[in-house]
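The primary structure of each chain is shown beneath.
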Amino acid sequence: MYYFTYDPWIGKLLYLEDFYVIQAYRGLGIGAEMLKRLSQIAIRRQCNCMHFLVVIWNQASIDYYTRRGALDLSSEEGWHLFRFNREELMDMAGEE
């Protein structure tokens, strides 16, 4: 699953929300083909980059993406991902 978004520093980007290859199908080039297709879509839609998250303990995925040239923004640029849950949103919105 992916969608397009905009970052004021980067411009238009493709955000890859979910990307998963079942264990039995890994090593067959399926992931590489999916990334190729997503990259083609991003280029055709004039995106400047693709963003995605990888859980910190999934070293195999981190290695997979970095071998393909992905930058780990948490170490490269010092970004941290934050989230407000519904309760915090309600508090900030002044609603109960």
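The structure presented is a predicted model; accordingly, all values stated were derived computationally and were not measured.

Side note on the nonpolar core
Line of reasoning, step 1. If you look at the biggest cluster of nonpolar residues, it comprises 10 residues: Leu14, Leu16, Phe19, Leu35, Leu38, Ile41, Ala42, Cys47, Tyr64 and Tyr65.
Line of reasoning, step 2. Elements that contribute at least two residues to this core include exactly strand E2 (11-16), helix H1 (30-44) and helix H2 (59-67).
Line of reasoning, step 3. Ranked by residues supplied to this core, first place goes to H1 with 4 residues.

Let's talk about the state of the cysteines
Line of reasoning, step 1. The tally for this structure, following the rule as stated, stands at 0 disulfides.
Line of reasoning, step 2. The closest cysteine sulfur to the non-disulfide-bonded Cys47 is located on Cys49, 7.8 Å from its own sulfur.

Digging into the packing of aromatic side chains
Line of reasoning, step 1. Summed over the entire model, instances satisfying the criterion amount to 5 aromatic pairs.
Line of reasoning, step 2. Arranged with centres 6.3 Å apart and planes meeting at 50 degrees, the rings of Phe19 and Tyr65 form a pair that is tilted. Residue Phe19 is located in the loop between E2 and H1, and its partner Tyr65 is located in helix H2; the two are separated by 46 residues in the primary sequence. The burial state of Phe19 is the same as that of Tyr65; both residues are buried.
Line of reasoning, step 3. Residue classification places Tyr65 among the buried positions, given a relative accessible area of 10%.
Line of reasoning, step 4. An aromatic cluster is present here, built from Phe19, Phe52, Tyr64 and Tyr65 joined pairwise through their rings.
Line of reasoning, step 5. It is Lys12 that lies over the ring of Phe4; its NZ or CZ is 5.1 Å from the centre.

Section: the pattern of salt bridges
Line of reasoning, step 1. Enumeration over the complete set of coordinates arrives at 1 salt bridge.
Line of reasoning, step 2. The partner of Arg37 in a salt bridge is Glu33, with the nearest N and O atoms 2.9 Å apart. With a gap of 4 residues between them, Arg37 and Glu33 both fall in helix H1, about one helical turn apart.
Line of reasoning, step 3. For Glu33, a relative accessible area of 33% corresponds to the partly exposed category.

Examining the confidence of the model for the protein chain
Should pLDDT be low for a region, the predicted coordinates there are not to be read in detail.
Line of reasoning, step 1. Per-residue confidence for the protein chain averages 89 on the pLDDT scale, and 98% of its residues sit at or above 70.
Line of reasoning, step 2. When pLDDT is averaged over each helix and strand of the protein chain, the minimum, 82, is found for helix H3 (residues 73-76) and the maximum, 95, for strand E1 (residues 2-7).

Description of the pairing of E2
Line of reasoning, step 1. Judged by how many residues are buried, E2 sits mostly within the fold: 5 of 6 residues are covered.
Line of reasoning, step 2. Sheet topology note: the E1/E2 ladder contains 6 bridges and is antiparallel. Within E2, the position partnered with Thr5 by the bridge is Leu13.
Line of reasoning, step 3. Between E1 and E2, which pair antiparallel one after the other, the connecting turn spans 3 residues.
Line of reasoning, step 4. A crossover links E2 with its parallel partner strand E3 (residues 49-51), the connecting element being H1, and its sense is right-handed.

Conventions adopted
Residue numbering note: each chain is counted from 1, following its sequence as written. The predicted nature of this model means local features are confined to residues of pLDDT at least 70 and side-chain atom pairs, given and counted, to a pLDDT of 80 or more, with totals for whole chains, interfaces and linings taken over all residues. Hydrogens are left out, water is left out, and the side-chain values use all remaining heavy atoms of the structure. Here, nonpolar core means buried Ala, Val, Leu, Ile, Met, Phe, Trp, Tyr and Cys residues that are tied together by side-chain atoms lying within 4.5 Å of each other. Relative accessibility under 20% of the residue-type maximum defines a buried residue, over 50% an exposed one, and the middle range a partly exposed one, all with a 1.4 Å probe and only protein chains included. Starting at the N terminus, helices and strands are each numbered in turn, a helix being any DSSP run of H or I of at least four residues and a strand any DSSP run of E of at least two. Disulfide: a pair of cysteine sulfur atoms within 2.5 Å of each other. Classification of ring pairs rests on two measures: the distance between centres of Phe, Tyr or Trp rings, Trp counted by its six-membered ring, which must be within 6.5 Å, and the angle between planes, read as stacked under 30 degrees, edge-to-face over 60 and tilted in between. Put simply, a charge is over a ring when the Lys NZ or the Arg CZ is close to the ring centre, within 6 Å, and near the line of the ring normal, within 35 degrees. By convention in these notes, a salt bridge is any Lys or Arg side-chain nitrogen within 4 Å of a carboxyl oxygen on Asp or Glu. You can read pLDDT as the predictor saying how much it trusts each residue, on a scale of 0 to 100. By this definition, two strands are paired if DSSP reports at least two bridges between them. Note on handedness: a clockwise path from strand one over the helix to strand two, with the strands aimed away from the viewer, defines a right-handed crossover.

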